[in-house]
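Descriptive structure summary
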Amino acid sequence: DCPYFQNDTQARVQVFSLALVFRIWNQPHYRNGTFQQDLQKNLRNVAIPGTGVPLSLLCLHYNIALAFIIFGYPTLCLCYALYASWKGTDSAI
């Protein structure tokens, strides 16, 4: 049982869903060969806000996706929070 976020179901579901991506990364998928291939196809038209970088690029390799979740995602959130506080708004983009 997870000792973190004991009283925050939404946070627990978010963390679990991020971890589940890596558990099923190479598993067969009903639309494509693997879950990774399905992510690449589904995320080719979705970009990181304000950058134009398609999320499908992050799905090219397991280690790239893992590094983004561990380092890139928190960094983007920090940058967004700093920008939003600098602009004095909750919506930076």
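Above this text you will find the structure in question.
First, a word on what this report is: a plain description of the structure on this page. As a convention, each chain's residues are numbered from 1 in the sequence order in which they are written. Two thresholds apply to this predicted model, a pLDDT of at least 70 for residue-level local features and 80 or more for giving and counting side-chain atom pairs, whereas whole-chain, interface and lining totals are computed over all residues. Hydrogens and waters are ignored; side-chain quantities use all the structure's heavy atoms.

What about the overall build of the protein?
Elements are defined by DSSP. Helices are runs of H or I of four residues or more, strands are runs of E of two residues or more, and each kind is numbered from the N terminus. Along the backbone of the protein there are three helices and zero strands. Taken from the N to the C terminus, the helices and strands of the protein come in the order α-α-α. Radius of gyration here uses only the C-alpha atoms, and the compact-globule reference equals 2.2 Å multiplied by the residue count raised to the power 0.38. In terms of overall size, the protein is more extended than a compact globule, its C-alpha atoms giving a radius of gyration of 16 Å where 93 residues would be expected to give roughly 12 Å. Taken along its principal axes, the extent of the C-alpha atoms in the protein is 45 × 40 × 20 Å. The contact criterion used throughout is that any non-hydrogen atoms of two residues lie within 4.5 Å. If you take every contact in the protein between residues at least 6 apart in sequence, the share linking residues at least 24 apart comes to 22%. Accessibility throughout is a Shrake-Rupley quantity obtained with a 1.4 Å probe, and a residue counts as covered only by protein chains that appear here. Carbon and sulfur atoms provide 62% of the accessible area of the protein, an area that totals close to 7,000 Å². Positive and negative side-chain charges of the protein, numbering 6 and 4 respectively, have mean locations separated by a distance of 13 Å. Positive residues here are Lys and Arg, negative ones are Asp and Glu, while His and the chain termini are left out of the count. Every charge is mapped to an atom, namely NZ of Lys, CZ of Arg, CG of Asp or CD of Glu.

Brief notes about the packing of aromatic side chains
Two rings from Phe, Tyr or Trp (for Trp, the six-membered ring) form a pair when their centres are within 6.5 Å of each other. A pair whose planes differ by under 30 degrees is stacked, one over 60 is edge-to-face, and the rest are tilted. This structure, assessed with the given rule, holds five aromatic pairs. Measuring from centroid to centroid gives 5.4 Å for Phe22 and Tyr62, while their planes differ by 80°, and the two rings are edge-to-face. With Phe22 in helix 1 (residues 9-23) and Tyr62 in helix 3 (residues 62-87), this residue pair connects regions lying 40 residues apart in the sequence. Partly exposed describes any residue whose relative accessible area lies between the buried limit of under 20% and the exposed limit of over 50%, with all areas from a 1.4 Å probe on protein chains only and scaled to the type maximum. The exposure class of Tyr62 is partly exposed, given its relative accessible area of 30%. A network of ring pairs unites the aromatic residues Phe22, Trp25 and Tyr62 as a single cluster.

Focus: the nonpolar core
Phe22, Trp25, Phe35, Leu39, Cys59 and Ala65 form the largest nonpolar core, which has six residues in total. The residues contacting Phe22, other than those within four sequence positions of it, are Tyr62, Ala65, Leu66 and Ile69. Residue types Ala, Val, Leu, Ile, Met, Phe, Trp, Tyr and Cys, when buried and joined through side-chain atoms within 4.5 Å, form a set referred to as a nonpolar core.

Quick word on unusual backbone geometry
The backbone of Phe5 shows a phi angle near 55°, a positive value even though the residue is not glycine. Within the element layout of this structure, Phe5 appears in the segment before helix 1. When its relative accessible area of 42% is taken as the criterion, Phe5 is described as partly exposed.

Thoughts on the packing of helix 1 against helix 3
Geometrically, a packed helix pair is captured by the angle between its two axes and the distance between the axes. Contact pair helix 1 / helix 3: the axes reach a minimum separation of 10 Å and the direction vectors enclose 160°. The angle between the axes of helix 1 and helix 3 places the two elements in the roughly antiparallel class. Once helix 1 is placed against helix 3, the crossing between them reads as left-handed. Where helix 1 approaches helix 3, its residues Gln14, Leu18 and Phe22 are matched on the opposing element by Tyr62, Ala65, Leu66, Ile69 and Tyr73. Split by residue class, the contact of helix 1 with helix 3 holds seven nonpolar, one polar and no charged. Only C-alpha atoms enter the line fits that serve as axes; for helices the fit covers just the stretch in contact. Angles between N-to-C directions range over 0 to 180 degrees. Roughly parallel means an angle under 35 degrees; roughly antiparallel means over 145; roughly perpendicular covers 65 to 115; every other angle is labelled oblique. Left-handed describes a crossing whose near helix is turned anticlockwise from the far helix by less than a right angle; the clockwise case is right-handed. For this classification, Asp, Glu, Lys and Arg are treated as charged, while Ala, Val, Leu, Ile, Met, Phe, Trp, Tyr, Cys and Pro are nonpolar and the rest, including Gly, are polar.

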